[in-house]
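An overview of the molecular structure
If you want the building blocks of each chain, they are given just below.
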Amino acid sequence: MSFSPLSRRGFLKGTAALASAATVPQLGFADGHSPLTIGFIYVGPKDDFGYNQAHAEGAAAVKAMEGVVVVEEENVAETIDVQKSMESMINFDDAKLLFPTSFGYFDPHVLAVAPKHPDVRFQHAAGLWTDGMPTNVGSYFGYIGMGQYLNGITAGHATKTKKIGFVAAKPIPQVLLNINSFLLGARQVDPDITCQVIFTGEWSLAVKEAEATNALADAGCDVITCHVDGPKVVMETAAGRDCFVCGYHANQSRLAPEKYLTGAEWNWAGVYTGMVQTVLDGGTIDNFVRGGLADGFIKMSPLGPAVSDASRAQFEAVKAEIMAGGFAAIKGPLKDNTGNVIAAAGEGFAEDDIALESMDYLVEGVIGSTS
């Protein structure tokens, strides 16, 4: 028997969370007798040309696997609503593996629900699992800052004004790393380039995203990228202002085919199918999972028609360095945009350095503030 997301959430409205009926220390579905039910929860629509679409494309790959049932719910707010959605998937659909995909789902929501269901695995995108948290919770993410660094290289070659722009949702570490990486990539082309950032305050605010994009264009920025859930508005608005664009989360090239340089994309299909297969085989997913270009966690959009030969050559050369491992976009000598030393000469933070996951600064050359 199946239940719609509305009926599942309605059933739990105003009630206490239900406890799981059984405790199974390890999930094993290799005998083929019991399908594994997997839940995916999205903060926005699955066709947003961005964050949610990238996860939904990963979920689609999981649906093609044998021995699984996939349930999905979109437009779930980062509030008690996501706790209700998780509880309903567990209690109505018997889900044993959940992917609550939005940043704000983790604390307190995943951390509140997981201890009640020790037989369920909770895999959260972007949340940083640490020792002492529930052991049936894990976090996974990718080094997509390296993709924004490559975006920056194409931006550095394309800009005529030496001003590039970034529309950002919230000043959390992953967003700050993307902003900093975008500028530092561009400065490999020309160290005089600056990047202006405007924060909208939310993951999805179409009006503010359009206003921010127009403000950046008015300020002379002629290449623009973003870190918001659905980049569609930014891409179309920027292209309409005759700016070049670099995509994020998914491939947005068809939104601005002549102005799209490249984009940093998630590649969740392989990640999700690998995690699901681990559970099907009776294994346990690691609590802390990260990967980059070389690991297939991220990929780059094909280079667009406006990318010059020189830009393409530098892009491909740096991409090869990143693929080789150990690449550091954040390296000294480097200061933040208030004058504090971030890295001394000879010091660097490779893409997998845990210190980057607590980033709270914007580098020199970024015009904007984290507060």
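For the structure itself, look to the data block above.
Residues numbered from 1 in each chain as written. Predicted model: local features only at pLDDT ≥ 70, side-chain atom pairs only at ≥ 80, totals over all residues. Heavy atoms only, no water.

Concerning the sheet that holds strand S12 (residues 298-300)
Strand order in the open sheet formed by 7 strands is S12-S10-S9-S8-S6-S7-S17, with mixed pairing between adjacent strands. The strands lining the two open edges of the sheet, one partner per strand, are S12 and strand S17 (366-367). Bridging between strand S9 (residues 244-249) and strand S10 (residues 260-266) involves 5 bridges; their strand directions are parallel. The residue bridging Gly 247 from the neighbouring strand is Gly 263, located in S10. Across the sheet, helix H6 (residues 173-187) touches strand S6 (163-168), strand S7 (194-199), strand S8 (223-227), S9 and S17, and the angle it forms with S6 is around 165°. (Pairing = 2+ DSSP bridges. Helix = DSSP H or I, 4+ residues; strand = E, 2+ residues; numbered from the N terminus. Contact = heavy atoms within 4.5 Å. Axes fitted to C-alpha atoms, helices over the stretch in contact; angles between N-to-C directions.)

Overview of the packing of aromatic side chains
Throughout the structure, instances matching the rule amount to 12 aromatic pairs. An angle of 10° between the planes, with centres 4.8 Å apart, marks the rings of Phe 40 and Phe 99 as stacked. Taken as a pair, Phe 40 in strand S1 (residues 36-41) and Phe 99 in strand S3 (residues 97-100) lie far apart in primary sequence, 59 residues in all. By relative accessible area, which is 0% here, Phe 40 ends up buried. (Phe/Tyr/Trp six-rings, centres within 6.5 Å; stacked < 30°, edge-to-face > 60°. Buried < 20%, exposed > 50% of the residue type's maximum accessible area, 1.4 Å probe, protein only.)

Notes on the sheet that holds S3
Read from one edge to the other, the open sheet built from 6 strands follows the order S2-S1-S3-S4-S5-S11, with strand pairing classed as parallel. Two strands lie at the open edges of the sheet, namely strand S2 (68-73) and strand S11 (288-291), each paired on one side alone. Ignoring strand direction, the axes of neighbouring strands in this sheet form an average angle of 20°. Of the strands in this sheet, S3, strand S4 (121-125) and strand S5 (137-142) touch helix H4 (residues 106-113), which is tilted by about 170° from S4.

A short note on empty space enclosed by the protein
Rolled over the atoms, a probe with the dimensions of a water molecule shows which regions are left empty. Tallied over the entire structure, the rule returns 2 cavities of 30 Å³ or more. Here the largest cavity defines a volume of roughly 170 Å³. For the largest cavity, the lining is made up of 15 residues, of which Phe 141, Gly 142, Gln 174, Leu 177 and Glu 357 are closest to its centre. Among the elements of the structure, S5 and H6 are those that each provide at least two residues to the lining of the largest cavity. In terms of residue count, the dominant contributor to the lining of the largest cavity is H6 (4 residues). Per-class residue counts for the lining of the largest cavity are 6 nonpolar, 4 polar and 5 charged. Approximately 110 Å³ is the volume attributed to the second largest cavity. If you trace the second largest cavity, you find it lined by Tyr 51, Ser 102, Phe 103, Ala 126, Phe 141, Ile 172, Gln 174, Trp 203, His 227, Asp 229, Tyr 248 and His 249. Per-class residue counts for the lining of the second largest cavity are 7 nonpolar, 4 polar and 1 charged. (1 Å grid on protein atoms, 1.4 Å probe; cavity = no way out; pocket = protein on both sides within 12 Å on 5 of 7 lines; lining within 4 Å. Points joined across faces, edges and corners; volume = space filled by probe spheres on them. Nonpolar A, V, L, I, M, F, W, Y, C, P; charged D, E, K, R; others polar.)

Remarks on the nonpolar core
One finds Val 276 and Ile 330 to be the most contacted residues of the largest nonpolar core, which totals 98 residues. With 8 residues, the single largest contributor to this core is H6. Among the nonpolar cores identified, the runner-up in size contains 19 residues, and Val 76, Ile 90, Val 110 and Val 113 belong to it. (Core = buried A, V, L, I, M, F, W, Y, C linked by side-chain atoms within 4.5 Å.)

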